[in-house]
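# Structural overview
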Amino acid sequence: FPGPGLAIRILGEVTAERVKILQEADDIVIEELYKSGHYRLIGQAFVVLLPVKSVGVMGDGRTYENVACVRCVETTDYMTADFYHLPYEVMSTMSSRVINEVR
C-alpha cells in the first residue's frame, strides 16, 4: 500500500545500511513466526530499528551494536491493539538469529 514503507520503522537517520539491517531482522522475525505457527494468529508483527546502540559480549569480546525491537499485537479493528503472548522459545530463537545473523 502507499506509504513510507520501511523508513517509518527506522527511528533516526535512514541510510541504506540501516534499511538493510531492518530488512534482514524483519525477515528473520517473520520467518520464525511462520515456522512456529504464530504468523496467522497475530494481527500485526514487525521490527523497528532504534536510534541507539547497546554494549554486549560475543565470545571473548565486547560489541557495540544496533538495538531493534519486535512488535507483535492482536487486533480486530486495527485501531486498537493488545500485545500478543508470544512464547519465550520463539522470542529466544528470533533474538539469537538476529544477533548472530544481522550485521
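Structure's up top.
Structure report, in brief. None of the values given here were measured: they were computed from a predicted structure.

### What to know about the pairing of strand E2 (residues 61-74)
Strand direction decides the pairing type here: strand E1 (residues 44-58) and E2, joined by 12 bridges, are antiparallel. Among the inter-strand pairings, Met 58 is bridged to a residue of E2, identified as Gly 61. Two successive antiparallel strands, E1 and E2, enclose a turn made up of two residues, where Gly 59 displays a positive phi of approximately 65 degrees. Sheet analysis places E2 next to strand E3 (residues 82-83), joined by two bridges and oriented antiparallel. Counted as the bridge partner of Glu 74 is Asp 82 from E3.

### With respect to the layout of surface pockets
One water molecule sets the probe size; rolling that probe over the atoms shows where empty space is left. In this structure, the largest pocket encloses a volume near 500 Å³. Considering the residues around the largest pocket, the lining is formed by 22 residues, among which Asn 66, Val 67, Ala 68, Val 98 and Ile 99 are closest to the centre. Counting residues per element, the ones that place at least two in the lining of the largest pocket are helix H1 (16-36), E1, E2 and helix H2 (88-101). Residue contributions to the lining of the largest pocket peak at seven residues, all from E1. Of the residues in the lining of the largest pocket, the class split is 14 nonpolar, five polar and three charged.

### Comments concerning the side chain of Thr 75
Mapped onto the fold, Thr 75 is located in the loop between E2 and E3. Of note is the side chain of Thr 75, whose polar atom sits 3.4 Å from the backbone nitrogen of Asp 77. A distance of 2.9 Å separates a polar side-chain atom of Thr 75 from the backbone nitrogen of Tyr 78. Once residues within four sequence positions are removed from consideration, Thr 75 is found in contact with Gly 43, Thr 80 and Ala 81.

### Some points on the pattern of salt bridges
Summed over all chains, the structure comprises seven salt bridges. Residues Glu 31 and Lys 35 are paired through a salt bridge, measuring 3.3 Å at the closest nitrogen-oxygen approach. A residue pair is termed a helical-turn pair when its members lie 3 or 4 positions apart in one helix, as Glu 31 and Lys 35 do in helix H1 at four residues. Overall, Glu 31 belongs to the partly exposed group, its relative accessible area being 34%. Between Glu 32 and Arg 97 there is a salt bridge whose closest N-O contact spans 2.7 Å. Of the two residues, Glu 32 sits in helix H1 while Arg 97 sits in helix H2, which places them 65 residues apart along the sequence. One salt-bridge network, in which partners are shared between bridges, spans Glu 31, Glu 32, Lys 35, Arg 97 and Glu 101.

Calculation rules
Residues numbered from 1 in each chain as written. Predicted model: local features only at pLDDT ≥ 70, side-chain atom pairs only at ≥ 80, totals over all residues. Heavy atoms only, no water. Pairing = 2+ DSSP bridges. Helix = DSSP H or I, 4+ residues; strand = E, 2+ residues; numbered from the N terminus. 1 Å grid on protein atoms, 1.4 Å probe; cavity = no way out; pocket = protein on both sides within 12 Å on 5 of 7 lines; lining within 4 Å. Points joined across faces, edges and corners; volume = space filled by probe spheres on them. Nonpolar A, V, L, I, M, F, W, Y, C, P; charged D, E, K, R; others polar. Polar contact = N/O pair within 3.5 Å; in protein donor to acceptor, adjacent residues only side chain to side chain. Contact = heavy atoms within 4.5 Å. Salt bridge = Lys/Arg side-chain N within 4 Å of Asp/Glu carboxyl O. Buried < 20%, exposed > 50% of the residue type's maximum accessible area, 1.4 Å probe, protein only.

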